[in-house]
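Chains, contacts and geometry: an overview
For reference, the chains in residue letters:
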Amino acid sequence: MHVHFFQDAEELIKVVPGLTDGYYHKGFALYHLDDYAGAAHSFQQALNLNPGDRVLRQGFWDAVTLLSQHRRDDTPVVGAPTRTKSVAPTLAWLHDQKLASREQAGGQKPK
């Protein structure tokens, strides 16, 4: 499922590179594929376009936190078998909040 989100995000970035949504969804997908370095990079690219976005900033720091935890534990970063429970729900909650605010603003929920 997240592989498809990643592919859709890559396509969106190609079509509209100046839109933060593509980078956000790419970061979200990579985060859930346990590629925390890739996720942090995607969130950082989005933050370069919109530095004040708290959801992007939280996603970036969640990914960096998990990346540093996996490196300290000598656990492989990509495809790591475990995830810290205290950080992962934060990004999921922020993702839900971002979708809800878009729906309230008249936008559509991404499929």
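Presented here is an overview of the structure given in this document. On a predicted model such as this, the values are computed, not experimentally measured, just so you know.

Rules used throughout
- Residues numbered from 1 in each chain as written.
- Predicted model: local features only at pLDDT ≥ 70, side-chain atom pairs only at ≥ 80, totals over all residues.
- Heavy atoms only, no water.
- Helix = DSSP H or I, 4+ residues; strand = E, 2+ residues; numbered from the N terminus.
- Areas by Shrake-Rupley, 256 points an atom, 1.4 Å probe, with all protein chains shown as cover.
- Buried < 20%, exposed > 50% of the residue type's maximum accessible area, 1.4 Å probe, protein only.
- Polar contact = N/O pair within 3.5 Å; in protein donor to acceptor, adjacent residues only side chain to side chain.
- Phe/Tyr/Trp six-rings, centres within 6.5 Å; stacked < 30°, edge-to-face > 60°.
- Patch = residues over 30% accessible without salt bridge, like charges linked within 9 Å, V, L, I, M, F, W, Y side chains within 5 Å.
- Salt bridge = Lys/Arg side-chain N within 4 Å of Asp/Glu carboxyl O.
- Axes fitted to C-alpha atoms, helices over the stretch in contact; angles between N-to-C directions.
- Parallel < 35°, antiparallel > 145°, perpendicular 65-115°, else oblique.
- Left-handed = near helix turned anticlockwise from the far one by under 90°.
- Contact = heavy atoms within 4.5 Å.
- Nonpolar A, V, L, I, M, F, W, Y, C, P; charged D, E, K, R; others polar.

**A closer look at the overall build of the chain**
Along the chain, the regular secondary structure elements total five helices and zero strands. The N-to-C order of helical and strand elements in the chain reads α-α-α-α-α. Element-wise, carbon and sulfur atoms account for 55% of the exposed surface of the chain, whose accessible area totals about 6,500 Å².

**Observations concerning the environment of Glu-10**
If you trace the backbone, Glu-10 turns up in helix H1 (residues 2-15). We classify Glu-10 as partly exposed; its relative accessible area is 26%. On a C-alpha basis, the gap between Glu-10 and His-25 in space is 8.8 Å, while along the polypeptide they are 15 residues apart. A polar side-chain atom of Glu-10 sits 2.8 Å from a polar atom in the side chain of Lys-26.

**Thoughts on the packing of aromatic side chains**
Each aromatic ring pair is described using two quantities: the centre-to-centre distance and the angle formed by the ring planes. Under the defined criterion, the tally for this structure stands at four aromatic pairs. An angle of 25° between the planes, with centres 6.2 Å apart, marks the rings of Tyr-24 and Phe-28 as stacked. On the criterion of helical spacing, the pair formed by Tyr-24 and Phe-28 is a turn pair, its members being four residues apart in helix H2 (residues 20-32). Centroid distance Phe-60 to Trp-61: 5.0 Å. Interplanar angle 80°. Geometry classified as edge-to-face. Classification of Phe-60 by relative accessible area gives buried; the value is 15%. Grouping aromatic residues by their ring pairs yields a cluster made of Tyr-24, Phe-28 and Phe-43.

**Focus on a nonpolar patch on the surface**
A contiguous nonpolar surface patch, about 230 Å² in accessible area, is contributed by Val-15, Val-16 and Leu-19. You can see Val-16 is positioned in the loop between H1 and H2.

**A closer look at the pattern of salt bridges**
Taken as a whole, this structure holds one salt bridge when the rule is applied. Two residues, Glu-10 and Lys-26, come together in a salt bridge whose shortest N-O distance is 2.8 Å. In this pair, Glu-10 sits in helix H1 while Lys-26 sits in helix H2, placing the two residues 16 residues apart along the sequence.

**A look at the packing of H1 against H2**
At their nearest, the axes of H1 and H2 sit 8 Å apart, and the two run at 155° to each other. When the interaxial angle is binned, H1 and H2 end up roughly antiparallel. The chirality of how H1 crosses H2 is left-handed. Two secondary-structure elements touch here, H1 through His-2, Phe-5, Phe-6, Ala-9, Glu-10, Leu-12 and Ile-13 and H2 through Asp-21, Gly-22, Tyr-23, His-25, Lys-26, Phe-28, Ala-29, Leu-30 and His-32. By residue class, the composition of the contact of H1 with H2 is nine nonpolar, four polar and three charged.

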